[in-house]
Amino acid sequence: MLTNLVVNASDAMPDGGTITIETANLSVHAELEEQELDRGDWVRLSVVDTGHGIPPEIRARVFEPFFTTKARGEGTGLGLATCYGIVDRCGGTVTLETEVGRGTTFHVHLPRADAPAAQPAADGEGAETILLVEDQAALRNSARSVLVREGYQVHAVRDGTEALRLSATMSPPPVLAIVHLQLPDMDGREVVRQLLERFPGLRILATSGSFVPAEGDQRVTMLPKPFGVEALALAVRSLLDDGER
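The structure reproduced in this document is the subject of the present report. (Residues numbered from 1 in each chain as written. Predicted model: local features only at pLDDT ≥ 70, side-chain atom pairs only at ≥ 80, totals over all residues. Heavy atoms only, no water.)

### Re empty space enclosed by the protein
Okay, step 1: Counting across every chain of the model gives two cavities of 30 Å³ or more.
Okay, step 2: When its volume is computed, the largest cavity comes out at roughly 60 Å³.
Okay, step 3: Residue lining of the largest cavity: Leu132, Val133, Glu134, Leu139, Arg140, Ala143, Ile178, His180, Thr207, Lys225, Phe227 and Leu232, and that is the complete set.
Okay, step 4: Elements represented by at least two residues in the lining of the largest cavity include exactly strand E5 (129–133), helix H4 (137–149) and strand E7 (176–180).
Okay, step 5: When residues of the lining of the largest cavity are assigned to their parent elements, the largest contribution, three residues, is made by H4.
Okay, step 6: Looking at side-chain class alone, the lining of the largest cavity contains seven nonpolar, two polar and three charged residues. (1 Å grid on protein atoms, 1.4 Å probe; cavity = no way out; pocket = protein on both sides within 12 Å on 5 of 7 lines; lining within 4 Å. Points joined across faces, edges and corners; volume = space filled by probe spheres on them. Helix = DSSP H or I, 4+ residues; strand = E, 2+ residues; numbered from the N terminus. Nonpolar A, V, L, I, M, F, W, Y, C, P; charged D, E, K, R; others polar.)

This is the structure we're talking about:
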């Protein structure tokens, strides 16, 4: 979450500037309805930049998955969407203050906990090992962040050659592989074929709009691009749960 906010702030300052990260405890009472928060104790994290600010016409869309103002190949539009998804699942809120030419501040409010967060059990739901094969670095990093947040053990690689080499030495072996089918070094379908040959019980989540799984092969499921971070997490959990039946 913090990485995505800082990267976003940095991108807003192509000629340089200052990023300030602030934290605070906040108690909301009946007479203090700050940022439309519910009553209770909150932790506030603010990321402030001195960049170009966000124009009014795009402010309402900044948290949309795959919405970006960058040129093709320079961004996926997943950074702020990932941040929003993380905060929302934790019961928090993300708001922004911005002025064109004077910078932007993102405020993250999270409910304050009085005890350490419980860690997922090693053999429990969400502890499975996943192989992620995606050539776009920003998308690969965002998807990995979402899955790690869910408690999975994620091995992320950028092409088919690296995926096949890594899978041969993974311990424990992967139970699910997320494979983009248009890879730069080889056909993603060939990567899928070799992975299934090596791991007959492996589940495959194929991220492409052009591949239809072989008839009768229940191990391969499509997740067409573009997809949101919550859709990815839901598809992974559904596939894993189905495989355990």
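Once the structure has been displayed, the description carries forward.
### Side note on unusual backbone geometry
Okay, step 1: The linkage connecting serine 171 with the following residue, proline 172, adopts the cis geometry, with an omega of 0°.
Okay, step 2: As for its placement among the helices and strands, proline 172 is situated in the loop between helix H5 (160–167) and E7.

### Describing the pattern of salt bridges
Okay, step 1: Under the defined criterion, the tally for this structure stands at nine salt bridges.
Okay, step 2: With its nearest N and O atoms 2.8 Å apart, the salt bridge here joins aspartate 187 to arginine 189.
Okay, step 3: Look at arginine 189 and you get partly exposed, because its relative accessible area is 46%.
Okay, step 4: It is possible to trace a salt-bridge network through shared partners that takes in Arg89, Arg149 and Glu150. (Salt bridge = Lys/Arg side-chain N within 4 Å of Asp/Glu carboxyl O. Buried < 20%, exposed > 50% of the residue type's maximum accessible area, 1.4 Å probe, protein only.)

### Looking at the sheet that holds strand E4 (residues 103–111)
Whether parallel or antiparallel, the strands of a sheet pair through hydrogen bonds between backbone atoms.
Okay, step 1: Spatial ordering of the open sheet is given by E1-E2-E4-E3, a layout of four strands whose pairing is antiparallel. Two strands lie at the open edges of the sheet, namely strand E1 (19–28) and strand E3 (93–99), each paired on one side alone. When the angles between neighbouring strand axes are averaged without regard to direction, this sheet yields 20°.
Okay, step 2: Judged from the seven bridges that link them, E3 and E4 form a sheet pairing that is antiparallel. Bridge assignment links threonine 95 to a residue of E4, and that residue is histidine 107. (Pairing = 2+ DSSP bridges. Axes fitted to C-alpha atoms, helices over the stretch in contact; angles between N-to-C directions.)

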